[in-house]
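# Geometric and topological summary
Spelled out, the chains give:
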Amino acid sequence: MASIGTIFAKAGLKGVDANLLTAIRGIIMACVVTLAALSFGKLSYASLATLSVKQWAFVIASGTGGACSWIFFYHALAGGPTLTVTVIDKLSIVFTAILAVLVLAEGVSIQAIIGLILVVGGTLLIAIPWTAITAIFK
């Protein structure tokens with residue numbers, strides 16, 4: 001679904017300000033997520049009241065980070081090729097893994113490290129022009 005969202009967004013960005021598109025998308029997503037939570041019986045005053053101040057702070061920080069991510073992504077998408085922008089955006093997987101180790105003290109397997117290295121390598125192969133890559137080895 002994220003892929004479809006990106007393709008529709010890129011098609012919709014033609015002649016539209018990236019901030020406007022991001023705001024509209026955010027409103028639509030908030031409505032859909034709210035309806036889903038209501039339909040599953042997960043959104044109520046009682047459930048909101050159970051959240052601690054610390055949990056609220058983390059939810060607010062997470063939402064702010066996600067919103068900034070969208071803003072940066074759509075600005076990049078408006079001016080760059082879809083494939084390059086999307087693959088660079090997916091480097092967030094690598095940063096998430098690093099932060100999970102540093103902040104959450106989660107472990108990382110050798111298999112995961114190899115996978116993350118391949119993600120970085122693949123991103124470089126897609127994002128950097130081939131002429132620039134071959135120039136390194138000349």
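Whatever comes next refers back to the structure up there.
For the structure given in this document, a descriptive report is provided here. This is a predicted model, so every value here is computed, not measured.

So, on to the overall build of the chain. Per the secondary structure count, the chain includes eight helices and zero strands. Walking the chain from its N terminus toward its C terminus, one meets helices and strands in the order α-α-α-α-α-α-α-α. Its C-alpha atoms give the chain a radius of gyration of 19 Å, more than 25% over the compact-globule value 14 Å for 138 residues. With respect to the principal axes defined by its C-alpha atoms, the chain has extents near 65 × 45 × 20 Å. Counted over contacts in the chain with a minimum sequence separation of 6, partners at least 24 positions apart contribute 69%.

Attention shifts here to unusual backbone geometry. In this structure, Ala-105 takes a positive phi of about 55° despite not being glycine. Within the secondary structure layout, Ala-105 lies in the loop between α6 (92–102) and α7 (110–127). On the basis of relative accessible area, Ala-105 is assigned to the exposed category, the value being 66%.

Where helix α5 (residues 82–89) is concerned, the buried positions are Thr-84, Val-85 and Val-87. Its buried side turned inward, α5 meets α4 (53–79) and α7.

Turning next to the packing of α5 against α7. Packing of α5 against α7 leaves a shortest axis separation of 9 Å and a crossing angle of 155°. With respect to their mutual orientation, α5 and α7 come out roughly antiparallel. For α5 against α7, the interelement crossing comes out left-handed. Contacts from Leu-83, Thr-84, Val-87 and Ile-88 in α5 reach Thr-123, Ile-126 and Ala-127 in α7.

Here we take up the packing of aromatic side chains. Per the counting criterion, the structure on display carries one aromatic pair. Plain terms: the ring middles of Phe-73 and Tyr-74 are 5.2 Å apart, the flat faces sit at 85° to each other, and that makes the pair edge-to-face. Residue class for Tyr-74 comes out buried when judged on its relative accessible area of 1%.

Basis of the calculations
- Residues numbered from 1 in each chain as written.
- Predicted model: local features only at pLDDT ≥ 70, side-chain atom pairs only at ≥ 80, totals over all residues.
- Heavy atoms only, no water.
- Helix = DSSP H or I, 4+ residues; strand = E, 2+ residues; numbered from the N terminus.
- Rg over C-alpha atoms; globule rule 2.2 N^0.38 Å.
- Contact = heavy atoms within 4.5 Å.
- Buried < 20%, exposed > 50% of the residue type's maximum accessible area, 1.4 Å probe, protein only.
- Axes fitted to C-alpha atoms, helices over the stretch in contact; angles between N-to-C directions.
- Parallel < 35°, antiparallel > 145°, perpendicular 65-115°, else oblique.
- Left-handed = near helix turned anticlockwise from the far one by under 90°.
- Phe/Tyr/Trp six-rings, centres within 6.5 Å; stacked < 30°, edge-to-face > 60°.

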